[in-house]
Amino acid sequence: NLILAEVPIDTLFDELRAILMPIADKEDIALEIKSDNEIYHMEKDLILCLIINLVDNAKKAGADRIRVFAKNHTLSVIDNGKGISTEHIGKITQPFYTVDSARHIGNCGLGLALCGRIAEIHKTELKITSKIGRGTVVQVRL
């Protein structure tokens, strides 16, 4: 069984910075990671995986500015990528669903399905809002 624990969000975000900042620097992405210094109820490694997947998706969508932050027990990933049309938002967490009909190498449509499942394990869901040409916001309340 999965064990959820009380985790200082700063502990998670320190790990996140160590993993993502070198990649962001190498790929010239402005990455901001901020927290509210609160304690969150979670399985830390799964939430780490969720955020990394969301940042990777933002990068694949052409974002060069990505913000990851935690406030009021909500984790948010905000990007300035190409955005997702409303017709796709309800489907993008389905396994093997990809927005682009021409699949990119290495993209099999499982990242957001995995993120959705991680949210379910935490008794929550992904809240996705997006505007074409402006970017996407993905939130999960813990």
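For the structure, check the block above.
This one's a predicted model, so the numbers in the text were calculated from it and none came from an experiment.

Peer 1: Can you help me understand the layout of surface pockets in this one?
Peer 2: To locate leftover empty space, one rolls a probe as large as a water molecule over the atoms. Taken as a whole, the second largest pocket encloses approximately 150 Å³ of empty space. Lining the second largest pocket are Ile89, Thr93, Ala113, Gly116, Arg117, Ala119, Glu120, Thr124, Glu125, Leu126 and Ile128. At the level of secondary structure, the elements contributing two or more residues to the lining of the second largest pocket comprise α4 (111-121) and β6 (126-131). The biggest single contributor to the lining of the second largest pocket is α4, with five residues. Per-class residue counts for the lining of the second largest pocket are five nonpolar, three polar and three charged.

Peer 1: Please explain the nonpolar core as it appears in this structure.
Peer 2: Soluble globular proteins: nonpolar side chains tend toward being buried together. By size, the foremost hydrophobic cluster in this structure holds 37 residues, and its most contacted members are Phe13, Ile51, Ile66, Val68 and Leu75. Broken down by element, the residue count for this core peaks at seven residues, all from helix α2 (residues 44-60). Beyond its immediate sequence surroundings of up to four residues, Val68 is in contact with Phe13, Leu16, Leu31, Glu32, Ile33, Lys34, Ile51, Val55, Ser76 and Val77.

Peer 1: Looking at this structure, how should I read helix α1 (residues 9-26)?
Peer 2: Spacing of three or four residues puts side chains on the same side of an α-helix, whose turn is 3.6 residues. For α1, built from 18 residues, the straight-helix expectation of 26 Å at 1.5 Å per residue is met to within 8% by its first-to-last C-alpha distance of 25 Å. In α1, a bend of some 35 degrees at Leu20 exceeds every other bend along the element, and Pro22, a proline, comes one to four places later. Of all the residues in α1, the buried ones are Ile9, Leu12, Phe13, Leu16, Leu20 and Ala24. Close packing links the buried residues of α1 with β1 (5-8), β2 (30-34), β3 (39-42), α2, β4 (65-71) and β5 (74-79).

So, how was this worked out
Along each chain, numbering runs from 1 in the same order as the chain's sequence is written. Where local features are concerned, this predicted model is filtered to residues with pLDDT of at least 70; where side-chain atom pairs are given and counted, the filter is 80 or more; whole-chain, interface and lining totals use all residues. Remark: hydrogens and water are excluded; side-chain values derive from all non-hydrogen atoms of the structure. Here a cavity denotes a set of grid points, spaced 1 Å apart and computed over the protein atoms alone, in which a 1.4 Å probe fits but from which it cannot get out, and a pocket denotes an open set meeting protein on both sides within 12 Å along at least five of seven lines; residues with an atom within 4 Å of a point are reported as lining. Grid points are joined across faces, edges and corners, and a volume is the space filled by probe spheres set on the points. What counts as a helix is a DSSP run of H or I of at least four residues, what counts as a strand is a run of E of at least two, and both are numbered from the N terminus. Classes in brief: Ala, Val, Leu, Ile, Met, Phe, Trp, Tyr, Cys and Pro nonpolar; Asp, Glu, Lys and Arg charged; the others, Gly included, polar. For this analysis, a nonpolar core means a set of buried residues of the types Ala, Val, Leu, Ile, Met, Phe, Trp, Tyr and Cys, connected via side-chain atoms within 4.5 Å. The buried label goes to any residue with under 20% of its type's maximum accessible area, the exposed label to any with over 50%, and the partly exposed label to all in between, with areas taken from a 1.4 Å probe on protein chains only. Note on contacts: a residue pair qualifies if any of its non-hydrogen atoms lie within 4.5 Å across the two residues. The span one expects for a helix is its residue count, reduced by one, times 1.5 Å. To get the bend at a given residue, fit one axis to the seven residues ending there, fit another to the seven starting there, and take the angle between those axes.

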